[in-house]
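Listed below are the residues making up each chain.
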Amino acid sequence: MTSAWSRRGFLTSSAALTTAGGGALLTPAARASAAEDDPYASLRATWSALLLGEGFSPTAEPFRSRLAALGTRAARWLDAMDPVDGSLWPDAVFADSGPGADADADPSGLSARMADSFTRLHTMAQAYRQQGTGLTGNSGLRDAVVTGLDHLDGQVYNDRRSRYGNWYSWQIGAPQALLDVCVLMADALTPDRIGRYCAAVDHFVPDSAVASYTGTSTGANRVDLCRVLALRGIVGASAAKLTLARDALSPVFPQVAEGDGLYADGSFVQHTTVPYTGSYGSVLLGGLGMLFALLKGTAWEVTDPKRQVVFDAVENAWAPFLYNGLVMDGVAGRAVSRGEQDDHRRGHSILASIVLLGGGASAAENARWRGLVKGWVQRDRYSPPMDDPTLAPSALARIASVVDDTALAALPEPVGHRLFPDMARATHRRPGWAASLSMAGRRTTYYESGNGENPRGWHTGSGMLYWWGDTFANGQYSDAFWPTVDPYRLPGTTVSRRPLADGEGGDWGVSLPEADWVGGVTDGKRATVGQHLKGLSSTLLARKSWFFLDDTVVCLGAGIRCRDGAAVETTVENRNLGQAKDAVLTVDGAATPAGRPWSATPADVSWAHLAGHGGYVFPGRASVGALREERTGRWRDINTGGSTADVSRTYLTLWFDHGRDPSDGSYAYQLLPGASERRTAARAADGGRLRVLANTDDRQGVSVPSLGLSAVNFWSAAVAGPLVADGPCSVMVTEHADRTATVCVGDPTRTRTALTVTWNRPVASVLARPATVVSAAAGAVLRLVFGDLSGTRGATQTVRVRLP
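Owing to the predicted nature of the structure, the values given are computational and were not obtained by experimental measurement.

1. A look at the side chain of Ser-111
Inspection of the secondary structure assignment puts Ser-111 in helix α5 (residues 107-129). Among the polar contacts made by the side chain of Ser-111, one reaches the main-chain carbonyl oxygen of Ser-108 at a distance of 2.9 Å. Among the polar contacts made by the side chain of Ser-111, one reaches the main-chain amide nitrogen of Asn-166 at a distance of 3.0 Å. Aside from chain neighbours lying at most four places away, what touches Ser-111 is Tyr-164, Gly-165, Asn-166, Ser-169 and Trp-170.

Here it is, written out as structure tokens:
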């Protein structure tokens with residue numbers, strides 16, 4: 001590859017570029033003056049402030065260090081820039097044909113490097129505009145950015161080229177970075193350049209990109225496309241583009257009943273079948289916050305009343321998955337495979353977006369959200385947001401505005417249960433700990449892979465049970481968990497050990513189990529949840545139930561059968577021990593060896609305890625496999641863009657071995673997060689506290705007399721303890737101290753057109769019932785007759801009764 005000019009020649013030539021303003025940064029007075037004469041100048045000033053941040057001192061930490069790091073990155077790109085045919089940097093070849101092309105490269109990789117070239121210029125433009133970078137206002141940097149834009153315009157991103165590779169690079173990745181640079185470098189760009197760059201954006205992102213709410217123009221993608229159109233309107237002084245961008249946001253706001261978007265139960269789905277609150281949902285939240293703030297007070301302000309759905313979703317959709325500053329991995333899709341991110345860093349971005357969005361919400365909403373954010377920030381001791389190197393100064397400034405607000409009280413973590421039937425997820429929060437459950441069904445994929453990401457996430461929808469402590473284990477899934485964990489032994493899952501290929505089942509969440517029974521019921525405090533498990537590319541079948549109670553999660557499995565010719569296992573636990581590699585595992589009072597590797601299969605086990613984590617109780621005793629091992633992997637193993645460096649972590653694994661090709665396997669255990677060894681042993685000895693009512697392939701249920709609770713998942717018509725159902729359903733009954741009771745009934749299959757549930761308990765009267773109950777007979781027993789439940793979307797139907 002021959003350079004079009006030498007490095008020295010490039011810098012000399014760039015100095016001759018025509019600029020407006022000589023590279024001097026606009027002062028606030030100049031910005032105000034421009035706004036009076038030109039509304040687009042005002043919008044550019046607003047967008048610059050949103051990108052760069054406001055209200056912070058560039059000499060105060062952590063901003064000083066962050067800005068210096070920005071300058072270092074920009075200097076690296078400046079020094080390495082070498083414009084030639086097919087690339088702007090030697091390591092970022094983007095040409096698909098002609099001189100400089102990499103004939104063997106994947107087209108998606110080429111398009112990604114094209115977009116990344118714009119991203120590097122974006123970094124350089126920020127370093128030019130930000131204070132304290134060491135390159136602020138540097139004319140050489142300014143001219144290099146402009147030359148880079150011209151090179152990409154002439155070579156690849158123009159109105160004469162056809163796109164190749166990944167659509168995202170052409171319609172979102174590249175134009176967002178390009179237009180941001182045009183705003184940041186407005187004083188250095190001639191009208192001719194602006195015209196050419198806008199023509200390129202119009203070519204790849206025409207108005208028709210938002211003509212219909214389908215395909216790649218939904219949810220977070222639609223918000224991204226609207227951002228491109230809005231910035232195209234600002235850069236090219238087009239009122240029509242701004243109007244289109246604003247109006248094209250409206251389809252994002254209403255709750256949806258299928259496909260991509262926000263659901264009434266708080267679910268957020270992208271790519272049709274993938275729970276994505278913590279990744280694409282973050283993009284949607286952040287993008288809307290930016291656009292609302294950009295257009296506020298202008299002729300293009302977003303006034304659609306349905307935008308309130310987004311404001312309501314802060315606590316309905318996002319808050320349930322935020323814990324101590326992290327966002328739970330069960331709603332992050334393939335993003336878990338990205339080594340530069342983790343659950344905390346993804347969470348920090350959402351916190352900053354909530355603060356920004358609050359500026360467009362009501363005063364009451366804004367105040368409460370800021371209190372929630374302050375609490376999450378204060379409790380994130382594992383990965384403090386203000387130390388997050390991936391957060392831009394603008395995001396840091398938003399979080400700092402909350403941290404430094406001495407009049408603002410931090411709000412505690414909410415306590416309670418949330419069930420999300422429309423994406424087969426659940427979250428459970430108790431004082432001292434939180435848990436999350438990931439399942440799969442006819443509407444929710446096993447997992448998502450794509451773009452070389454997350455090819456071994458096969459079993460994350462097979463009942464993976466995540467949990468965190470309030471002051472401990474917050475790095476459980478952050479500390480290189482995903483490249484080092486055994487993907488066949490994810491905690492909570494039941495899987496066949498049959499080897500699966502990377503990307504098994506297909507990319508983009510196309511593989512769905514033909515299983516209807518996924519979901520359960522909740523009273524907002526406790527929950528009964530179940531999954532009819534059908535293995536990915538496997539003959540595995542199982543019935544799995546979880547009973548989320550006050551200090552425990554009771555886990556039952558039954559009807560486990562398989563004909564894969566492979567072993568089948570249920571993983572009770574697989575803890576990433578982090579720094580505490582030698583955390584003591586005690587089994588029935590006897591400490592096991594702390595060295596590694598170590599393994600054993602203790603029989604007739606009543607309980608186990610892992611120091612610093614919690615306890616495990618096995619009702620009726622069980623044979624449990626135990627393993628302490630060091631596992632080594634690479635981020636590259638699960639993401640083609642990941643590091644090739646080896647990383648190692650120590651794991652403590654407990655599991656049930658159901659044998660090769662089981663015909664009727666089962667299991668039962670209790671998880672007690674944060675429990676001491678003494679409390680774990682006491683719970684195991686208290687045989688009267690928890691009763692397993694049934695654990696078969698037609699019903700699974702428990703009762704806890706001290707809580708007045710009986711709960712059953714009916715896989716078919718059956719009797720379990722005091723509860724009777726004439727078909728598949730989930731039922732949870734709780735008796736209260738005031739002589740009332742709550743009966744929660746749900747149809748996770750979404751197929752029941754009639755259902756009768758009987759509680760064999762005297763009931764004096766029915767106090768309240770939903771419209772789905774067509775008959776409620778009290779007396780010696782309670783008999784509830786439901787009508788058509790198929791339209792309830794698996795939502796809990798709650799009946800309140802008075803006891804004699």
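2. Notes on the nonpolar core
Membership of the largest hydrophobic core comes to 149 residues, with the highest contact counts inside it found for Met-124, Tyr-157 and Trp-482. Looking at which element gives the most residues to this core, the answer is helix α7 (residues 167-184), with 11 residues. Setting aside anything within four residues of it in sequence, one finds Met-124 in contact with Ala-74, Trp-77, Leu-78, Met-81, Trp-89, Leu-141, Ala-144 and Val-145. Listed in part, the 42 residues of the second largest apolar core include Leu-419, Val-529, Phe-618 and Val-624.

3. Things to note about helix α3 (residues 39-52)
In this model, α3 (14 residues) spans 20 Å end to end at C-alpha, consistent with the 20 Å of a helix rising 1.5 Å per residue. Where burial is concerned, most of α3 is hidden: 10 out of the 14 residues are buried. By the burial criterion, the buried members of α3 are Tyr-40, Ala-41, Leu-43, Ala-45, Trp-47, Ser-48, Ala-49, Leu-50, Leu-51 and Leu-52. The N-terminus of α3 is capped by Asp-38, whose side-chain oxygen sits 2.9 Å from the backbone nitrogen of Tyr-40. Gly-53 sits one or two residues past α3 and shows a positive phi near 95 degrees.

4. Structural notes on the packing of aromatic side chains
In total, this model carries 27 aromatic pairs according to the counting rule given. Measuring from centroid to centroid gives 5.0 Å for Tyr-164 and Trp-170, while their planes differ by 75 degrees, and the two rings are edge-to-face. You'll find Tyr-164 and Trp-170 in the same group, each marked buried. With a centroid separation of 5.0 Å and 80 degrees between ring planes, the pair formed by Tyr-477 and Phe-481 is classed as edge-to-face. The same class applies to Tyr-477 and to Phe-481, which are both buried. Through a chain of ring-to-ring contacts, the aromatic side chains of Tyr-466, Trp-468, Tyr-477, Phe-481, Trp-482 and Tyr-651 assemble into a single cluster.

5. Re the sheet that holds strand β6 (residues 416-420)
Through backbone hydrogen bonds, the strands of a sheet pair up, either in parallel or in antiparallel fashion. Strand order in the open sheet made by the four strands is β6-β7-β8-β9, with antiparallel pairing throughout. The open sheet has two edge strands, β6 and β9 (464-469), and neither has a second partner. Each strand axis lies, on average, 10 degrees off the axis of its neighbour in the sheet, ignoring direction. Note that strand β8 (residues 433-438) and β9 share six bridges and pair antiparallel. Looking at the pairing, Leu-437 lines up with Leu-465 of β9.

6. Observations concerning the side chain of Arg-489
By secondary structure assignment, the location of Arg-489 is in the loop between α16 (481-484) and β10 (494-496). Accessibility expressed as a relative area gives 11% for Arg-489, which makes it buried. Here the side chain of Arg-489 touches Glu-569 through a polar contact of 2.9 Å, side chain to side chain. Those residues in contact with Arg-489 that lie beyond four places of it in its chain are Arg-497, Glu-569, Thr-571, Asn-574, Leu-627, Thr-653 and Trp-655.

7. Describing the environment of Ser-706
Within the element layout of this structure, Ser-706 appears in the loop between β25 (699-704) and β26 (709-714). Taking the relative accessible area as the measure of exposure, Ser-706 reaches 58% and is therefore exposed. Along the sequence, Ser-706 and Arg-689 sit 17 residues apart, while their C-alpha atoms lie 6.8 Å from each other.

8. A word on the packing of α3 against helix α11 (residues 280-295)
Following both chains from N to C, one finds α3 and α11 inclined at 145 degrees, their axes separated by 9 Å at the closest point. Judged by the twist between their axes, the crossing of α3 over α11 is right-handed. Two secondary-structure elements touch here, α3 through Leu-43, Thr-46, Trp-47, Leu-50 and Leu-51 and α11 through Met-290, Ala-293 and Leu-294. Within the contact of α3 with α11, the residues separate by chemical class into seven nonpolar, one polar and no charged.

9. Brief notes about unusual backbone geometry
Look at the link from Glu-61 to Pro-62: it is a cis peptide, with omega at 5 degrees. One can find Pro-62 in the loop between α3 and α4 (63-80). With an omega of 0 degrees, the peptide bond running from Arg-596 to Pro-597 counts as cis. Relative to the elements of secondary structure, Pro-597 occurs in the loop between β17 (590-591) and β18 (598-600). Here His-271, not a glycine, exhibits a phi torsion of approximately 60 degrees, which is positive. For Ala-480, which is not a glycine, the phi torsion comes out positive at approximately 55 degrees. Within the secondary structure layout, Ala-480 lies in the loop between β9 and α16.

10. Brief notes about the pattern of salt bridges
Inspection of the entire model under this criterion finds 43 salt bridges. When the shortest N-O distance is used, the salt bridge between Glu-453 and Arg-334 registers 2.7 Å. Within this pair, whereas Glu-453 is found in the loop between β8 and β9, its partner Arg-334 is found in the loop between β5 (326-327) and α13 (343-358), the two being separated by 119 residues in sequence. Its relative accessible area of 10% is what places Glu-453 among the buried residues. In this structure, the salt-bridge partner of Asp-551 is Arg-683, at a minimum N-O distance of 2.7 Å. Note that Asp-551 is positioned in the loop between β13 (541-548) and β14 (553-561) and Arg-683 in helix α18 (residues 677-685), a separation of 132 residues in sequence. On the basis of relative accessible area, Asp-551 is assigned to the buried category, the value being 17%. Note on Arg-683: relative accessible area 10%, which makes it buried. What emerges from the salt-bridge pattern is a single network uniting Asp-150, Asp-153, Asp-192, Arg-193 and Arg-196.

11. Notes on the sheet that holds strand β33 (residues 773-777)
As summarised here, the arrangement of the five strands in space is β27-β28-β31-β34-β33, forming an open sheet in which the pairing is antiparallel. Across the chains shown, the open sheet's two edge strands, defined by having one partner strand only, are β27 (718-720) and β33. Neighbour to neighbour, the strand axes of the sheet diverge by 10 degrees on average, direction disregarded. Across three bridges, strand β28 (residues 723-725) lies against strand β31 (residues 755-759) in antiparallel orientation. Counted as the bridge partner of Leu-723 is Trp-759 from β31.

Cut-offs and rules
Residues numbered from 1 in each chain as written. Predicted model: local features only at pLDDT ≥ 70, side-chain atom pairs only at ≥ 80, totals over all residues. Heavy atoms only, no water. Helix = DSSP H or I, 4+ residues; strand = E, 2+ residues; numbered from the N terminus. Polar contact = N/O pair within 3.5 Å; in protein donor to acceptor, adjacent residues only side chain to side chain. Contact = heavy atoms within 4.5 Å. Core = buried A, V, L, I, M, F, W, Y, C linked by side-chain atoms within 4.5 Å. Buried < 20%, exposed > 50% of the residue type's maximum accessible area, 1.4 Å probe, protein only. Expected span 1.5 Å × (residues − 1). Phe/Tyr/Trp six-rings, centres within 6.5 Å; stacked < 30°, edge-to-face > 60°. Pairing = 2+ DSSP bridges. Axes fitted to C-alpha atoms, helices over the stretch in contact; angles between N-to-C directions. Left-handed = near helix turned anticlockwise from the far one by under 90°. Nonpolar A, V, L, I, M, F, W, Y, C, P; charged D, E, K, R; others polar. Salt bridge = Lys/Arg side-chain N within 4 Å of Asp/Glu carboxyl O.

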